Amino acid sequence: MILASLINTNTMKYIFYIFLLFSVFNVNLTHAQQLPKKGDNLPNPRLKRIAGTWVSIYGSDTLRIKLSFENIKLPVLDLTADVLVGYTYYKNGHSVIIDDIKYSYKTYDDSLNEGRKRASIFGLNELTGDITGSIPDGQTSQSFKYKFIPSSDLNTMTATRQLRERFYINEKPGKGYPDEMIFKRE
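On a predicted model such as this, the values are computed, not experimentally measured, just so you know. (Residues numbered from 1 in each chain as written. Predicted model: local features only at pLDDT ≥ 70, side-chain atom pairs only at ≥ 80, totals over all residues. Heavy atoms only, no water.)

**Q** I keep staring at the overall build of the protein chain and nothing clicks. Help me out?
**A** Regarding its fold elements, the protein chain presents 3 helices and 10 strands. Along the protein chain, helices (α) and strands (β) appear in the sequence α-α-β-β-β-β-β-α-β-β-β-β-β when read from the amino end. Counting only residues that meet the buried cut, the protein chain has 43% of its 186 residues in that class. Across the protein chain, contacts joining residues at least 24 apart in sequence account for 55% of those joining residues at least 6 apart. Accessible surface, the protein chain: about 9,800 Å² in total, of which carbon and sulfur atoms supply 52%. (Helix = DSSP H or I, 4+ residues; strand = E, 2+ residues; numbered from the N terminus. Buried < 20%, exposed > 50% of the residue type's maximum accessible area, 1.4 Å probe, protein only. Contact = heavy atoms within 4.5 Å. Areas by Shrake-Rupley, 256 points an atom, 1.4 Å probe, with all protein chains shown as cover.)

Pasting the structure below:
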């Protein structure tokens with residue numbers, strides 16, 4: 001559990017970029033056996049095949065994620081890297097709870113510069129083909145980390161919540177999302 005009130009913004013940014021480096025780009029580190037140097041670019045063109053809009057419908061809820069391929073700057077680490085930037089749309093019954101997909105025309109950096117993070121970073125583990133990323137709850141200030149396993153034809157993905165990776169801010173529990181969801185490409 002991470003309490004935002006106990007960690008200042010700079011520390012959270014540092015933790016985020018370290019997490020991103022080791023979880024998203026672990027293949028580069030494993031194969032190269034050396035850490036990237038200042039100014040390096042970590043390319044991953046395989047992410048382009050996952051880009052697109054994915055939808056999961058469970059009960060009366062609809063969760064839509066738009067994954068855009070971008071090369072972003074990781075300022076704390078002074079690197080650039082290919083990532084999937086995920087924008088979320090969540091509808092509970094007839095009520096729209098989150099609609100950040102409408103901001104998907106902007107870059108990830110633009111989203112951060114507006115003072116509100118409207119997107120999440122998703123990365124590919126090349127060894128397993130799994131994708132990991134966090135989805136904001138919207139009803140609370142929670143974010144849930146999921147592992148996405150794409151089908152061989154890339155038309156569906158199974159998303160499994162990583163229970164140990166649930167972040168609470170100000171300890172506001174909420175409904176959350178199911179432990180497992182099936183996403184179809186739109």
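After that view, the rundown keeps rolling.
**Q** Honestly, the confidence of the model for the protein chain in this entry has me stumped. Any pointers?
**A** A residue-level look at the protein chain finds 68% of positions with pLDDT of 70 or above and a mean pLDDT of 76. Predicted confidence for residues 25-32 stays below pLDDT 50, and this span has 20 contacts to residues more than four positions away or in other chains. (pLDDT = per-residue confidence, 0-100.)

**Q** What should I look at first to understand the packing of aromatic side chains in this one?
**A** Any pair of aromatic rings gets described here by the distance separating the centres and the angle formed by the planes. Applying the stated criterion to the full structure yields 5 aromatic pairs. Summarising the aromatic geometry, the rings of Phe 122 and Phe 148 are spaced 5.6 Å apart at their centres and angled 55° between planes, so their arrangement reads as tilted. Pair noted here: Phe 122 is in strand β6 (residues 120-124) and Phe 148 is in strand β8 (residues 142-150), with a separation of 26 residues, a long-range link. The class of Phe 122 is buried, set by a relative accessible area of 2%. Aromatic pair Tyr 146 and Phe 148: ring centres 6.2 Å apart, planes at 45°, arrangement tilted. For the residue pair Tyr 146 and Phe 148, the accessibility class agrees, reading buried in each case. (Phe/Tyr/Trp six-rings, centres within 6.5 Å; stacked < 30°, edge-to-face > 60°.)

**Q** Looking at this model, I keep getting lost on the pairing of β6. Mind explaining?
**A** Where a strand is regular, its side chains alternate between the two sheet faces. With 5 of 5 residues buried, β6 is to be regarded as a mostly interior element. Neither face of β6 is open: one carries Ser 120, Phe 122 and Leu 124, the other Ile 121 and Gly 123, and all of them are buried. Across 3 bridges, the pairing between strand β4 (residues 79-92) and β6 is antiparallel. Across the sheet, residue Leu 84 finds its bridge partner in β6, namely Phe 122. Across 3 bridges, the pairing between β6 and strand β7 (residues 131-136) is antiparallel. Opposite Leu 124, over in β7, you have Ile 131 as the bridge partner. (Pairing = 2+ DSSP bridges.)

**Q** Honestly, the environment of Ser 60 in this entry has me stumped. Any pointers?
**A** With respect to the helices, strands and loops of the structure, Ser 60 is situated in the loop between β2 (52-58) and β3 (61-74). A C-alpha to C-alpha distance of 8.3 Å links Ser 60 and Lys 91, two positions 31 residues apart in sequence. If sequence neighbours within four positions are ignored, Ser 60 has contacts with Lys 91, Asn 92 and Gly 93.

**Q** Quick question: what am I supposed to make of the pattern of salt bridges here?
**A** It is possible for side chains of opposite charge to pair when their charged atoms get near one another. Counting across every chain of the model gives 4 salt bridges. Of the charged contacts in the structure, one is a salt bridge between Glu 186 and Arg 64, with a shortest N-O distance of 2.8 Å. Taken together, the positions of Glu 186 in the segment after β10 (180-185) and Arg 64 in strand β3 put the pair 122 residues apart, joining distant regions of the chain. Of the residues examined, Arg 64 reaches a relative accessible area of 23% and is grouped as partly exposed. A salt bridge links Arg 161 to Asp 179; its shortest N-O distance comes to 2.4 Å. Taken together, the residues span a long stretch of sequence, with Arg 161 in strand β9 (residues 156-168) and Asp 179 in the loop between β9 and β10 at a distance of 18 residues. Exposure remark for Arg 161: the relative accessible area of 12% places this residue in the buried category. For Asp 179, a relative accessible area of 43% translates into the label partly exposed. (Salt bridge = Lys/Arg side-chain N within 4 Å of Asp/Glu carboxyl O.)

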